[in-house]
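Given next are the chains, with one letter for each unit.
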There are 2 protein chains.
Amino acid sequence: MHTLHHRDRRHLGWDASLAPAVEIAPGSSVELVLQDAFGGQLGPQATPADVAALDLGAANPLTGPVAVAGAEPGDTLAITIDELSVGELAWTAVIPGFGLLADEFPAPHVIVSDVGGQEVAFGGLARLPTRPFLGTIGVAPAEPGSHSVIPPRRVGGNMDCRDVRAGATLLLPVEVAGALLSAGDPHGGQGDGEVCGTAVETTAVVRLTVELRHGTAIDQPQLELAPEPVVERREGPNRRLTMGVGPDLLAGARDATRAMIELLGQHGVDPADAYALCSVAGHLRILEVVDAPNWVVGMEFDLDVLA
Amino acid sequence: MHTLHHRDRRHLGWDASLAPAVEIAPGSSVELVLQDAFGGQLGPQATPADVAALDLGAANPLTGPVAVAGAEPGDTLAITIDELSVGELAWTAVIPGFGLLADEFPAPHVIVSDVGGQEVAFGGLARLPTRPFLGTIGVAPAEPGSHSVIPPRRVGGNMDCRDVRAGATLLLPVEVAGALLSAGDPHGGQGDGEVCGTAVETTAVVRLTVELRHGTAIDQPQLELAPEPVVERREGPNRRLTMGVGPDLLAGARDATRAMIELLGQHGVDPADAYALCSVAGHLRILEVVDAPNWVVGMEFDLDVLA
């Protein structure tokens, strides 16, 4: 099995003209050693000043690309995440100008986590189940040129979908010969939405197995979810749901998030900490999207994670 | 305990000038006997023609209002759903002009379900866990006049939130003296989103206990979720997630739903049936809403429910 190390094969944009680091056959595997989404810029003593000084042009480095022999536009690439082990330190940052409530949280903020085994010690604030996943994994878009790694696309990328975890199979539409698969941005956990803009950001080693599927073309990414149970509470007396009711889903997501930050304030959590907590442990759900003209977005949070 | 029957105290709009059917004190309970959201217009042999002939002006009848002694604007009304038993027959309809993909599903369609104990027999298509909840529960808005029961509001109403179930406590902001609580639209189950516009629509008897909370005013509805486990699979080899990636969450929800309908088609389910299935068993999640300019909406579905 080939191993690619980020030191050797690191890139910062999606680009169909990048030479593949390695070519593998369908049915075979590759191991990737991944940097964190800050490219190693934050250390264990990270401060808000370090966040303010981040070089965002170096954010979200990818390792790859891996060419898949025989992959052609119109094919579907099926990528199974066989194994994913994340680092022992992680960072969650509120970066000025970035995040769902960027206008309300202009100041830099950072929380350093110890990631160990089953649990993430989220600063001194909370204890969360460790749920490793890949924030970014995708293939090259056909459109020429280098494309930012920040927005996700129909060919995947920075989807920040917490179900892209060990045991799952990600399906991506292939747009260029060889597909040109890359990955990065490993997370030790995240809520649906990643509202403050970052998750439990850490390093990882991942083993992927690729297959090609012909015939049923897909328009956007799909997942065959991991069969193993998600380490997730769906019971207990302290789960809360805040809502945002109105004609715009984005405004609803903002309202539900703001309400959860206020609710956490009643439990003694400062607003910036609460915002970061919502990003790693609050889950945005679309509760209804048909009772025109108002839709309902909810944020679910389990207060039992609080330290 | 007072019992209100829909035959006696049925109304079709939110209206602060409605005389309360009964006044109860904080800490006490009321039982409501609720009609289904179609107001009894669909029977066990319901056909698409019956759906086309529905009088939508009579949709979503409410039972109430119940005045809560001492409730004043600025208070929070806490409503605990002590017990909720739903009927044995239910309807899920695709109503022309209504629903997330209304433009793509112009024809009326209906599926009749047997709701028994732990399971909903969804036509001959699927077997779903029975998860009774109230689609509509709210208090009167301060604004004078009669307001449609279809859109939800900051004071609740037709939220179609599947967590408004036995064991949960719903918090609503009070806008008028007495609060004027009403409920209706009981469901035997639903997915997050209710994408086709209807759920497992049935009748119910519900017992509610109300409390008043002063001090921490809320802007929109909140829920203290039921402590009992949700009857919900979070494991198994056949769970799928489709995605919609793009700059608009509503378009993302449409893309994810359309992709799941296509995926169900690969398993032999006709499009209109698949649309209805997504409404009762597909869950819309906001996977990320920060990687500008593209957000990711997912629809989760467990293929194991298919018959």
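Quantities reported herein were computed from a predicted structural model and do not represent experimental measurements.

**Student:** How do you make sense of the side chain of T169(B) when you look at a structure like this?
**Tutor:** Tracing the chain through its elements places T169(B) in strand β15 (residues 169-173). Of note is the side chain of T169(B), whose polar atom sits 2.8 Å from the side chain of T80(B).

**Student:** Would you explain the sheet that holds strand β11 (residues 126-129) of chain A in this entry?
**Tutor:** All names here are of chain A. Strand order in the open sheet formed by four strands is β8-β9-β10-β11, and the pairing between neighbours is antiparallel. Both outer strands of the open sheet, β8 (89-94) and β11, are each paired with one neighbouring strand and no more. Pairs of neighbouring strands in the sheet enclose a mean axial angle of 25 degrees, with direction left out of account. Here β8 pairs with strand β9 (residues 109-116) via six bridges, running antiparallel.

**Student:** Honestly, the interface of chain A and chain B in this entry has me stumped. Any pointers?
**Tutor:** Interface size is commonly expressed as the accessible area that is lost once the parts come together. Counting from both sides, the interface comprises 66 residues of chain A and, opposite them, 66 residues of chain B. Buried area between chain A and chain B, summed over both chains or domains, comes out near 5400 Å², and the portion from carbon and sulfur atoms is 55%. Along the contact surface separating chain A from chain B lie four salt bridges. Put simply, R285(B) and D192(A) hold a salt bridge, and the shortest N to O gap is 2.8 Å. Counting every contact that joins chain A to chain B gives 27 residue pairs in polar contact (both at pLDDT 80 or more). For the side of chain A that touches chain B, the elements supplying multiple residues, two or more each, are β18 (222-224), β19 (239-246), α2 (249-265), β20 (283-288) and β21 (295-302) of chain A. Here the element with the most residues in the side of chain A that touches chain B is β19(A); it accounts for seven residues. A class-by-class count of the residues in the side of chain A that touches chain B yields 34 nonpolar, 14 polar and 18 charged. Both β18(A) and strand β19 (residues 239-246) of chain B contribute to a ladder of three bridges, which runs antiparallel. Residue pairing for β19(B): Q222(A) is matched across the bridge by T242(B).

Calculation notes
Residues numbered from 1 in each chain as written. Chains lettered and ligands numbered in written order. Predicted model: local features only at pLDDT ≥ 70, side-chain atom pairs only at ≥ 80, totals over all residues. Heavy atoms only, no water. Helix = DSSP H or I, 4+ residues; strand = E, 2+ residues; numbered from the N terminus. Polar contact = N/O pair within 3.5 Å; in protein donor to acceptor, adjacent residues only side chain to side chain. Pairing = 2+ DSSP bridges. Axes fitted to C-alpha atoms, helices over the stretch in contact; angles between N-to-C directions. Contact = heavy atoms within 4.5 Å. Buried area = accessible area lost by both parts, 1.4 Å probe. Salt bridge = Lys/Arg side-chain N within 4 Å of Asp/Glu carboxyl O. Nonpolar A, V, L, I, M, F, W, Y, C, P; charged D, E, K, R; others polar.

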